[in-house]
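Single-letter residue listing:
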Amino acid sequence: DDGGDGDLGVVLETRSKTQRPPLYKVMLLNDDYTPMEFVVHVLERFFGLTHAQSFEIMLTVHKRGLAVVGVFSFEVAETKVGQVMDFARRHQHPLQCTMEKE
Ligand code: TYC
């Protein structure tokens with residue numbers, strides 16, 4: 001019922017807030033022992049980066065302590081962290097990879 005005035009209600013919010021799934025930054029941490037070439041290989045293999053991009057990110061981690069490698073959904077980020085940690089462990093390198101909500 002519109003109360004007879006012809007007004008069917010006022011739309012208070014014209015722009016509805018669209019829900020997006022949260023994104024997660026995947027980060028690589030520096031250490032003193034993992035060889036630079038191994039880190040470059042990891043970035044190429046698991047993140048689909050070119051050799052040049054991988055070398056640049058590796059150097060950023062080496063100089064600054066850490067760097068964001070990519071931003072992904074929770075499930076993809078979790079998979080990448082697991083793959084990197086597993087690969088590093090299998091090669092007996094102390095390389096650390098973590099994820100953080102954006
Ligand atoms: N600091 C290492 C070295 O001098 C190289 C390195 C870079 C290690 C990035 C880890 O995430 C890393 N051999």
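Residues numbered from 1 in each chain as written. Predicted model: local features only at pLDDT ≥ 70, side-chain atom pairs only at ≥ 80, totals over all residues. Heavy atoms only, no water.

In the annotation of an unreviewed UniProt entry, the entry for the protein reads ATP-dependent Clp protease adapter protein ClpS, and the organism field reads Profundibacterium mesophilum KAUST100406-0324. Reading the Sequence similarities (unreviewed entry) entry of the UniProt record for the protein gives the comment "Belongs to the ClpS family." Turning to the protein, the UniProt record has this under Function (unreviewed entry): "Involved in the modulation of the specificity of the ClpAP-mediated ATP-dependent protein degradation." (UniProt positions renumbered as here; feature names shortened; annotations may be inferred.)

Asker: Before we move on, could you go through the sheet that holds strand β3 (residues 96-101) and cite the residues and values that matter?
Answerer: In space, the three strands of this open sheet follow the order β2-β1-β3, with antiparallel pairing throughout. The open sheet is flanked by β2 (66-72) and β3, the only strands paired with a single partner. On average, each strand axis in the sheet is inclined to that of its neighbour by 30°, with strand direction left out of account. Examined bridge by bridge, strand β1 (residues 24-29) and β2 share six bridges and lie antiparallel to one another. (Pairing = 2+ DSSP bridges. Helix = DSSP H or I, 4+ residues; strand = E, 2+ residues; numbered from the N terminus. Axes fitted to C-alpha atoms, helices over the stretch in contact; angles between N-to-C directions.)

Asker: So, the site of the ligand: which residues are in play, and what are the values?
Answerer: In the vicinity of the ligand, the residues found are Leu-28, Leu-29, Asn-30, Asp-31, Thr-34, Met-36, Val-39, Met-58, Val-61, His-62 and Leu-95. A distance of 2.8 Å separates an oxygen atom of the ligand from a polar atom in the backbone of Leu-29. Within the side chain of His-62, one N or O atom sits 2.9 Å away from a nitrogen atom of the ligand. Bound to the protein, the ligand loses 89% of the 350 Å² it would expose on its own. For the shell around the ligand, the secondary structure elements donating two or more residues are β1, α1 (36-47) and α2 (51-64). With three residues, α2 is the largest single contributor of residues to the shell around the ligand. Here the residues of the shell around the ligand sort into seven nonpolar, three polar and one charged. (Near = heavy atom within 4 Å. Polar contact = N/O pair within 3.5 Å; in protein donor to acceptor, adjacent residues only side chain to side chain. Areas by Shrake-Rupley, 256 points an atom, 1.4 Å probe, with all protein chains shown as cover. Nonpolar A, V, L, I, M, F, W, Y, C, P; charged D, E, K, R; others polar.)

Asker: Go over the pattern of salt bridges, please, and point to the residues and values.
Answerer: Counted according to the given criterion, the structure contains three salt bridges. Of the charged contacts, one joins Glu-100 and Lys-25 as a salt bridge, the two residues approaching to 3.2 Å between their closest N and O atoms. You can see Glu-100 sitting in strand β3 and its partner Lys-25 sitting in strand β1, a full 75 residues away along the chain. By relative accessible area, which is 39% here, Glu-100 ends up partly exposed. We classify Lys-25 as partly exposed; its relative accessible area is 22%. Between Arg-89 and Asp-86 there is a salt bridge, and its shortest N-O distance comes to 2.8 Å. Remark: Asp-86 and Arg-89 occur in helix α3 (residues 74-90); sequence separation between them is three residues, near one turn of the helix. (Salt bridge = Lys/Arg side-chain N within 4 Å of Asp/Glu carboxyl O. Buried < 20%, exposed > 50% of the residue type's maximum accessible area, 1.4 Å probe, protein only.)

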